[in-house]
Amino acid sequence: MAENKRDYYEVLGVDKSASTDEIKRAYRKKAMQYHPDRNPGDKNAEEKFKEIGEAYEVLSDNEKRARYDQFGFQGVDPNFAGSGGFGGGFSGFGDFGDLGDIFGEFFGGGRSRSTRNAPRRGENVGARLELTFEEAAFGCEKEVSAQRIENCAACNGTGSADGVIETCSQCHGTGQVRTTQNFMGMAMQSTATCPACGGRGKIIKNPCTTCRGKGKVRRTQKIRVKVPAGVDDGQSVRVRGEGCVGENGGPNGDLLTQIRIKRHPIFQRQDMDVLCEVPISFTQAALGAQIQVPTLDGKVAYDLPEGTQTGREFTLPGKGIPDVGNPRRRGNHRFTVVVETPTKLSKEQKELLRKLDETLEKDITPKRKKFRDALKDFFE
């Protein structure tokens with residue numbers, strides 16, 4: 001009964017203002033958590049899975065959701081009219097425009113109702129793919145495993161073991177039946193899902209044992225994914241048509257592969273630029289030198305100017321990450337030099353450095369001179 005049901009928004013864990021996409025994401029997460037395949041023999045999980053499916057069926061349909069928001073569970077009950085769902089009087093309907101929509105449904109007119117026999121696109125499926133820094137930068141092809149719903153191979157998706165499918169004699173293949181009920185002294189018609197065929201319009205007397213008459217099975221498949229150059233961490237690569245099979249001739253869903261990029265020992269990424277640090281010696285910094293800079297394209301020779309300070313950044317144009325939309329366009333490679341202070345010096349080396357320091361004039365170490373002058377002014 002309705003009073004024993006939980007609110008559909010509570011079931012999916014979303015707010016009443018949730019968008020269609022938010023509802024879909026919440027449903028997928030909950031459905032995966034409580035799916036019978038993941039919880040074999042767990043009756044509680046099975047009940048929750050059914051509850052989640054019922055909530056999603058209503059909230060994913062804009063028309064059903066609107067009725068549910070206005071009338072609660074009675075608004076999505078096929079027997080709404082005959083069960084006294086109108087309550088007392090007409091105050092609950094707002095204006096007569098609302099009445100017109102509801103009365104139109106009862107008399108068979110007004111808005112057309114979608115049926116289960118209409119073509120429907122298959123659900124998308126998801127997978128994760130871990131790439132190296134270089135694979136993400138230059139693109140690659142990889143194979144991922146994904147669970148999806150497919151047509152049963154044993155019955156070719158018909159659900160029938162012998163291929164015999166009969167038209168339902170109760171609804172004559174429409175999947176719906178009309179009933180006439182008395183409401184306030186008027187004979188009113190309502191449309192409901194055919195109880196004999198469950199809305200399919202067909203009767204299968206000899207169900208396929210592999211899919212139990214559903215015509216669909218869940219399988220894990222290996223799918224090739226072509227990763228474009230320049231893809232970034234957290235982005236998704238779509239493979240069209242590799243999701244769940246469509247219903248009633250509808251198109252297949254897609255495979256959405258979420259990208260994860262491994263940490264690189266040298267490089268970091270900032271938009272389309274590659275960043276790295278290059279350690280240099282005091283002598284190289286002071287005198288200038290040609291150094292080897294690691295890039296995605298290999299080592300590149302670079303001439304450091306004399307007097308290079310630690311933390312200074314240099315740029316190699318066009319050596320960065322390719323643009324995912326235009327691989328011929330690339331970012332830059334930016335490297336920062338870090339002057340490394342020598343450690344474990346010998347006695348002779350220490351003496352040479354002391355003599356060098358004594359010969360350094362103040363005008364060639366301007367930062368040190370400025371600091372000393374500041375100290376002098378502060379303490380005087």
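Thresholds, definitions, all that
Residues numbered from 1 in each chain as written. Predicted model: local features only at pLDDT ≥ 70, side-chain atom pairs only at ≥ 80, totals over all residues. Heavy atoms only, no water. Axes fitted to C-alpha atoms, helices over the stretch in contact; angles between N-to-C directions. Helix = DSSP H or I, 4+ residues; strand = E, 2+ residues; numbered from the N terminus. Parallel < 35°, antiparallel > 145°, perpendicular 65-115°, else oblique. Contact = heavy atoms within 4.5 Å. Nonpolar A, V, L, I, M, F, W, Y, C, P; charged D, E, K, R; others polar. Buried < 20%, exposed > 50% of the residue type's maximum accessible area, 1.4 Å probe, protein only. Expected span 1.5 Å × (residues − 1). Arc of directions from axis to C-beta. Pairing = 2+ DSSP bridges. Salt bridge = Lys/Arg side-chain N within 4 Å of Asp/Glu carboxyl O.

Moving on, we get to the packing of helix 3 (residues 43-59) against helix 4 (residues 62-71). Their axes nearest at 6 Å, the elements helix 3 and helix 4 cross at an angle of 100 degrees. The angle between helix 3 and helix 4 falls in the class roughly perpendicular. Facing helix 3, whose interface residues are Glu57, Val58 and Leu59, helix 4 presents Lys64, Arg65 and Tyr68. Split by residue class, the contact of helix 3 with helix 4 holds three nonpolar, no polar and three charged.

Of note, asparagine 248 is situated in the loop between strand 8 (236-239) and strand 9 (255-261). Owing to a relative accessible area of 37%, asparagine 248 belongs among the partly exposed residues under this scheme. Through-space distance from the C-alpha of asparagine 248 to that of arginine 120 is 6.6 Å; in sequence the pair is 128 residues apart.

Because an α-helix packs 3.6 residues into every turn, residues spaced three or four apart end up facing the same way. The end-to-end C-alpha separation of helix 2 (residues 20-34) is 21 Å, in line with the 21 Å expected for 15 residues at 1.5 Å each. Within helix 2, the full set of buried residues consists of Ile23, Ala26, Tyr27, Ala31 and Tyr34. Each buried residue of helix 2 sits inside an arc of 130 degrees when the element is viewed along its axis, so together they form one side. In helix 2, the exposed residues that point more than 90 degrees away from the buried face are Arg25 and Lys29.

Turning next to the sheet that holds strand 10 (residues 268-270). Taking strand neighbours across the sheet as the criterion, the four strands line up as 10-11-17-14 in an open arrangement whose pairing is mixed. Here the strands that pair on one side only, and so sit at the sheet edges, are strand 10 and strand 14 (313-316). Recorded for the sheet is a direction-independent mean angle of 35 degrees between the axes of neighbouring strands. Both strand 14 and strand 17 (residues 333-339) contribute to a ladder of four bridges, which runs antiparallel. Following the sheet pairing, glutamate 313 is matched in strand 17 by threonine 336.

Quick look at the pattern of salt bridges now. For the structure on display, the rule yields 23 salt bridges. Two residues, glutamate 46 and lysine 43, come together in a salt bridge whose shortest N-O distance is 3.9 Å. Placement of both glutamate 46 and lysine 43 in helix 3 is noted, with a separation of three residues, approximately one turn of the helix. Since its relative accessible area comes to 29%, glutamate 46 is described here as partly exposed. Residue lysine 43 is classed as exposed on the basis of its relative accessible area, which comes to 60%. The partner of arginine 334 in a salt bridge is aspartate 273, with the nearest N and O atoms 3.0 Å apart. Taken together, the residues span a long stretch of sequence, with arginine 334 in strand 17 and aspartate 273 in strand 11 (residues 273-280) at a distance of 61 residues. A network of salt bridges, in which partner residues are shared, links Arg121, Arg238, Arg240 and Asp254.

Below, the discussion takes up helix 3. With 17 residues, helix 3 ought to run about 24 Å at 1.5 Å a step, and its terminal C-alpha atoms sit 24 Å apart, in line with that. All of the buried residues along helix 3 are Ala45, Ile52, Ala55, Tyr56, Val58 and Leu59. One side of helix 3 carries all its buried residues, which in axial view fall inside an arc of 160 degrees. In this fold, the buried residues of helix 3 make contact with helix 1 (8-12), helix 2 and helix 4.

Such coordinate-based values are descriptive only and should not be taken to indicate function.
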